[in-house]
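# Breakdown of the fold
The lines below spell out each chain.
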Amino acid sequence: MRTILPFVAMVTFGAGVVLSILAGLFVFCILEGVNQKRVPGDHISRNSIRVKVFELVRLNKELYPESRKRAVVYLCLCLGAALFCFALTIFSSIH
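Now for a look at the structure at hand. (Residues numbered from 1 in each chain as written. Predicted model: local features only at pLDDT ≥ 70, side-chain atom pairs only at ≥ 80, totals over all residues. Heavy atoms only, no water.)

For the rest of this paragraph, the subject is the environment of leucine 77. Mapped onto the elements, leucine 77 comes out in helix H3 (residues 69-93). Judged by its relative accessible area of 44%, leucine 77 falls in the partly exposed class. Considered as a pair, leucine 77 and alanine 15 are 62 residues apart in the sequence and their alpha carbons are 11 Å apart. (Helix = DSSP H or I, 4+ residues; strand = E, 2+ residues; numbered from the N terminus. Buried < 20%, exposed > 50% of the residue type's maximum accessible area, 1.4 Å probe, protein only.)

Next comes the structure, spelled out in structure tokens:
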């Protein structure tokens, strides 16, 4: 059992990374959709997305109330964080 734990921890950590990257990609999809509905001078730039991510989600909810992209972003982030914590727990139990 001890020989398989490092492999499980690495796979779990990798899955967490993949889910975090997917969440980021969906955030950029949300950004493109929101910017399409705004006037060109009022676009949210990709450089300021870290600061304005909550505004971006709010605007997406107003402009596209039926969109499921927000739920996918939250799901990917929560599952990714859970997998990171699980991988760290496994890594810490290995001596």
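Evaluated as defined, the whole model comprises three salt bridges. Close ionic contact of arginine 58 with glutamate 62 constitutes a salt bridge, the shortest N to O distance being 2.9 Å. Of this pair, arginine 58 and glutamate 62 both sit in helix H2 (residues 53-63), separated by four residues, roughly a single helical turn. (Salt bridge = Lys/Arg side-chain N within 4 Å of Asp/Glu carboxyl O.)

Below, the discussion takes up H2. Within H2, the full set of buried residues consists of Leu56, Val57, Leu59 and Asn60. Relative to the axis of H2, the buried residues are bounded by an arc of 165° and lie together on one face. Opposite the buried face of H2, by more than 90 degrees, sit the exposed residues Phe54, Lys61 and Glu62. In this structure, the buried residues of H2 make contact with helix H1 (5-37) and H3. (Arc of directions from axis to C-beta. Contact = heavy atoms within 4.5 Å.)

Take the packing of H1 against H2 next. Geometry of a packed helix pair, given as the angle between the helix axes and the separation of the axes. It is the contact of H1 with H2, at a shortest axis distance of 9 Å, that shows an interaxial angle of 60°. It follows from the interaxial angle that H1 and H2 lie oblique. The way H1 lies across H2 gives a crossing that is left-handed. Contacts between H1 and H2 involve Val27, Ile30, Leu31, Val34 and Lys37 from the former and Val53, Leu56, Leu59, Asn60 and Leu63 from the latter. The residue makeup of the contact of H1 with H2, split by class, is eight nonpolar, one polar and one charged. (Axes fitted to C-alpha atoms, helices over the stretch in contact; angles between N-to-C directions. Parallel < 35°, antiparallel > 145°, perpendicular 65-115°, else oblique. Left-handed = near helix turned anticlockwise from the far one by under 90°. Nonpolar A, V, L, I, M, F, W, Y, C, P; charged D, E, K, R; others polar.)

This part takes up the nonpolar core. Formed by Val27, Ile30, Leu31, Val34, Ile44, Ile49, Leu56, Leu59 and Val73, the largest nonpolar core amounts to nine residues. Looking at this core, the element that brings in the most residues is H1, giving four residues. Setting aside residues no more than four positions away along its own chain, isoleucine 49 makes contact with Val27, Phe28, Leu31 and Leu56. (Core = buried A, V, L, I, M, F, W, Y, C linked by side-chain atoms within 4.5 Å.)

With that settled, the discussion passes to H1. Along its 33 residues, H1 runs 49 Å from first to last C-alpha, staying within 8% of the 48 Å computed at 1.5 Å per residue. Taken together, the buried positions of H1 are occupied by Leu5, Ala9, Thr12, Gly16, Leu19, Ala23, Val27, Ile30, Leu31, Gly33, Val34 and Asn35. Along its buried surface, H1 packs onto H2 and H3. (Expected span 1.5 Å × (residues − 1).)

Mapping serine 48 onto the fold places it in the loop between H1 and H2. Here serine 45 takes part through its side chain, which lies 3.2 Å from a polar atom of the side chain of serine 48. (Polar contact = N/O pair within 3.5 Å; in protein donor to acceptor, adjacent residues only side chain to side chain.)

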